[in-house]
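Examining the three-dimensional arrangement
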Amino acid sequence: MLAKTHKVADTNLISIFGFRNKFGGGKSTGFCLIYDSAESARKYEPKYRLVRNGFMEKKETSRKQIKEAKNRKKKIRGTGRRIANHKAKKAAKDG
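Scanning the protein from terminus to terminus reveals five helices and two strands. Reading the protein from its N end, one meets helices and strands in the order α-β-β-α-α-α-α. Taken over C-alpha atoms, the radius of gyration comes to 20 Å for the protein, far larger than the 12 Å a tight globule of 95 residues would show. Across its three principal directions, the C-alpha atoms of the protein cover 50 × 35 × 25 Å. Expressed as a percentage of its 95 residues, the buried residues of the protein come to 14%. Restricting to contacts in the protein with at least 6 residues of sequence separation, those with at least 24 account for 19%.

A separate point is a positive patch on the surface. Side chains of R63, K67, K70, R72, K74 and K75 sit close together on the surface and give a patch of like positive charge. By secondary structure assignment, the location of K75 is in helix α4 (residues 63-75).

So, on to the side chain of S15. Note on placement: S15 falls in strand β1 (residues 14-21). When its relative accessible area of 2% is taken as the criterion, S15 is described as buried. For S15, the side chain forms a polar contact with the side chain of E45, separated by 3.0 Å. Not counting residues up to four positions away in its chain, the partners in contact with S15 are F31, C32, L33, Y35, E45, R49 and N53.

Moving on: empty space enclosed by the protein. With the rule as written, the count across this model stands at one cavity of 30 Å³ or more. Taken as a whole, the largest cavity holds about 30 Å³ of empty space. As for the largest cavity, its lining consists of N12, L13, I14, S15, Y35, A41, E45, R49, L50, N53 and F55. At the level of secondary structure, the elements contributing two or more residues to the lining of the largest cavity comprise β1 and α3 (47-53).

The rules behind these values
Residues numbered from 1 in each chain as written. Predicted model: local features only at pLDDT ≥ 70, side-chain atom pairs only at ≥ 80, totals over all residues. Heavy atoms only, no water. Helix = DSSP H or I, 4+ residues; strand = E, 2+ residues; numbered from the N terminus. Rg over C-alpha atoms; globule rule 2.2 N^0.38 Å. Buried < 20%, exposed > 50% of the residue type's maximum accessible area, 1.4 Å probe, protein only. Contact = heavy atoms within 4.5 Å. Patch = residues over 30% accessible without salt bridge, like charges linked within 9 Å, V, L, I, M, F, W, Y side chains within 5 Å. Areas by Shrake-Rupley, 256 points an atom, 1.4 Å probe, with all protein chains shown as cover. Salt bridge = Lys/Arg side-chain N within 4 Å of Asp/Glu carboxyl O. Lys, Arg positive; Asp, Glu negative; His and termini not counted. Charge placed at Lys NZ, Arg CZ, Asp CG, Glu CD. Polar contact = N/O pair within 3.5 Å; in protein donor to acceptor, adjacent residues only side chain to side chain. 1 Å grid on protein atoms, 1.4 Å probe; cavity = no way out; pocket = protein on both sides within 12 Å on 5 of 7 lines; lining within 4 Å. Points joined across faces, edges and corners; volume = space filled by probe spheres on them.

Okay, structure coming up:
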């Protein structure tokens, strides 16, 4: 329906989010972003909405891994942080 009213050819370029329904039903309000191309959608949309719209695949990691990485990050401060982040990205890429 949105694609028809705004004359959009590809429905994947429409991103709708943030909907709230009114008490009693019958009316909902939300936000909608319409992009000119898939490249601009990939550039400006947050990753979670790209996953939701089918532009990206969700990265599967365990909850424990996420928490361990967070706690390792908390221990590093100052100038060593940049080096540690670089090493972590390199290890993730290789492994």
